[in-house]
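# Chains, contacts and geometry: an overview
If you want the building blocks of each chain, they are given just below.
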Amino acid sequence: AVDGGDSGINAFLHVSAEEALATAAEVDAIRTAGGEEAQALHPLAGVPIAIKDLIVTKGQPTTAGSKMLEGWMSPYDATVIEKIRAAKLPILGKTNLDEFAMGSSTEHSAYGPTRNPWDTSRIPGGSGGGSAAAVAAFEAPLALGTDTGGSIRQPGAVTGTVGTKPTYGSVSRYGAIAMASSLDQIGPVTRTVEDAALLHELIAGHDPKDSTSLPDPVPPFSAALSQDVAGLRVGVIKQLQGEGYQQGVLDRFQEALEKLRAAGAEIVEVDCPSFDSALDAYYLIMPSEASSNLARYDGVRYGNRVLPQEGPITIERVMGATRAAGFGDEVKRRIMLGTYALSAGYYDAYYGSAQKVRTLIQRDFDAAFEKADVLISPTSPVVAFPLGEKLDDPLAMYLNDVATIPANLAGIPGISVPGGLSDGLPVGIQFLAPAREDARVYHAAGALE
Ligand code: GLN
């Protein structure tokens, strides 16, 4: 952890002040000189940005919040980082996260938890709690996160910031350390919907280095903001409210619906019965893919290597000692779950069934989007909870993601926007749209600002 003078919030794992100042000075000089070069500057040029430490950066360490990668320096930049450098956004540093993005509270970081700026005895959400806390605490106006099951949107909700999970494939994953490749997506963390739209435009686009990258050109998301929501059909997802949701969250949700109705939106109810199994499917698919992705930390190619205390030094034993020492408990739990689910004889019972549920969820979304242009739900069933409260109870921790996970399983875009406070703590409202219709989530979210 870096004492960046952030009153113990611990949002940053690395601060790159010199690099950021140099970029800012460069933008300043271009603006002062004026002329064509100044005209050509990106609208976000000179606006500082913090980067979740799961995204690789040349010249700055990347840890993924793990001891496994302590001190590791990437030899290359992620595609999103190349775009950010080209647009001259000063990079402030790397933000804290749950180890390898596994968690909902940032307490699973090997470098200590991040605290919620609204109440430092509480969690900032996760896995991208560092990015959300940095933006919420006014340490950075912009940040990048990654969202596999909600890690941009849920921290956004509990810190009162805006977070978008783009359509799967619309933002390159090249250089995002893989957790679950079929679910992972990089996206913006900001204070306003407009900033999120602008940052999303900057980082999106086809990338030949990512085989799942969509060929579509980037539509102007920020243009969607100026439209009003009269006539917009907003679908309330029956399954994502009620039991398990705090009353204060449900109250703010009802107020959001009132606000949309008053602005002329048409509120309809949609039924997505398979969402009741979304969490189960996610916690089979995600660990399965993660167990495979994390096999690369073998003590040979990346990061740390730990030699066995005694006995012969064989590759298997070095691998075992390295992984035993390098991974934290949550990562080990998921590797074991995933390895088990994928093992011979269990495929049909676990991974295969989970994939079928995934298809049902996609069909539920397809049917819902026939009745509604966008869908709405609370982002998180609960407000920020006290540090330590769910640390020893993985299932309680996993339940934080009930409302965010379906979007990842279906590859569709989602946004979380602030929806007021409950007992002084932020509540987030989530909008979802069909794949490639990211503009719609900005359109709808703008109505709640
Ligand atoms: N909290 C979820 C999990 O632990 C989501 C993580 C993420 O989106 N990276 O898997």
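All values derive from a computational prediction rather than experimental measurement.

## Side note on the packing of helix 8 (residues 278–293) against helix 11 (residues 348–371)
Remark: helix 8 packs on helix 11, axes separated minimally by 9 Å, with the N-to-C direction vectors making an angle of 125 degrees. As far as their axial angle goes, helix 11 and helix 8 are oblique. Judged by the twist between their axes, the crossing of helix 8 over helix 11 is left-handed. Across from Ala278, Ala281, Leu284, Ile285 and Ser288 in helix 8, the residues of helix 11 making contact are Tyr350, Tyr351, Ala354, Val357, Arg358 and Ile361. Each residue belonging to the contact of helix 8 with helix 11 can be placed in one class, and the counts come to 9 nonpolar, 1 polar and 1 charged.

## Section: the UniProt feature "active site" (unreviewed entry) in the chain
Here, UniProt's "active site" (unreviewed entry) annotation points to Lys52, Ser127 and Ser151. Look at the named residues: they lie 100 residues apart in sequence, but the longest C-alpha span between them is just 10.6 Å, so in the fold they bunch up. Inspection of the secondary structure assignment puts Lys52 in strand 2 (residues 49–52). Assessed through the 33 C-beta atoms surrounding it within 10 Å, Lys52 is described here as buried. Within the secondary structure layout, Ser151 lies in the loop between strand 4 (142–146) and helix 5 (153–159).

## Brief notes about the site of the ligand
Around the ligand, 15 residues are found, and the nearest of them are Ala101, Ser104, Thr148, Gly149 and Ser151. A breakdown of the residues in the shell around the ligand according to their chemical character gives 4 nonpolar, 9 polar and 2 charged.

## Description of helix 3 (residues 79–86)
Within helix 3, burial applies to Thr79, Val80, Ile81 and Ile84. Here the buried face of helix 3 lies against strand 2, strand 3 (91–95), strand 4, strand 6 (186–190) and helix 6 (193–203). One or two positions beyond helix 3, positive phi appears at Lys88, with a value near 65 degrees.

## With respect to the pairing of strand 5 (residues 162–165)
Going residue by residue along strand 5, you find Val162 and Thr164 tucked away on one face and Gly163 and Lys165 tucked away on the opposite face as well. Here strand 5 pairs with strand 6 via 2 bridges, running antiparallel. Directly across from Val162, in strand 6, lies its bridge partner Thr190.

## Things to note about the sheet that holds strand 6
Pairing is mixed across the open sheet formed by 11 strands, whose spatial order is 1-3-2-4-6-5-10-11-9-7-8. The sheet is open, and its two borders are formed by strand 1 (12–15) and strand 8 (266–270), each paired with just one other strand. If you compare each strand with its neighbour and ignore which way they point, the axes differ by 30 degrees on average. Pairing geometry for strand 10 (residues 414–422) and strand 11 (residues 425–432), over 7 bridges, is antiparallel.

Definitions and limits used
- Residues numbered from 1 in each chain as written.
- Predicted model: local features only at pLDDT ≥ 70, side-chain atom pairs only at ≥ 80, totals over all residues.
- Axes fitted to C-alpha atoms, helices over the stretch in contact; angles between N-to-C directions.
- Helix = DSSP H or I, 4+ residues; strand = E, 2+ residues; numbered from the N terminus.
- Parallel < 35°, antiparallel > 145°, perpendicular 65-115°, else oblique.
- Left-handed = near helix turned anticlockwise from the far one by under 90°.
- Contact = placed C-beta atoms within 7 Å.
- Nonpolar A, V, L, I, M, F, W, Y, C, P; charged D, E, K, R; others polar.
- UniProt positions renumbered as here; feature names shortened; annotations may be inferred.
- Buried ≥ 20, exposed ≤ 12 C-beta atoms within 10 Å, placed from the backbone.
- Near = placed C-beta within 6 Å.
- Pairing = 2+ DSSP bridges.

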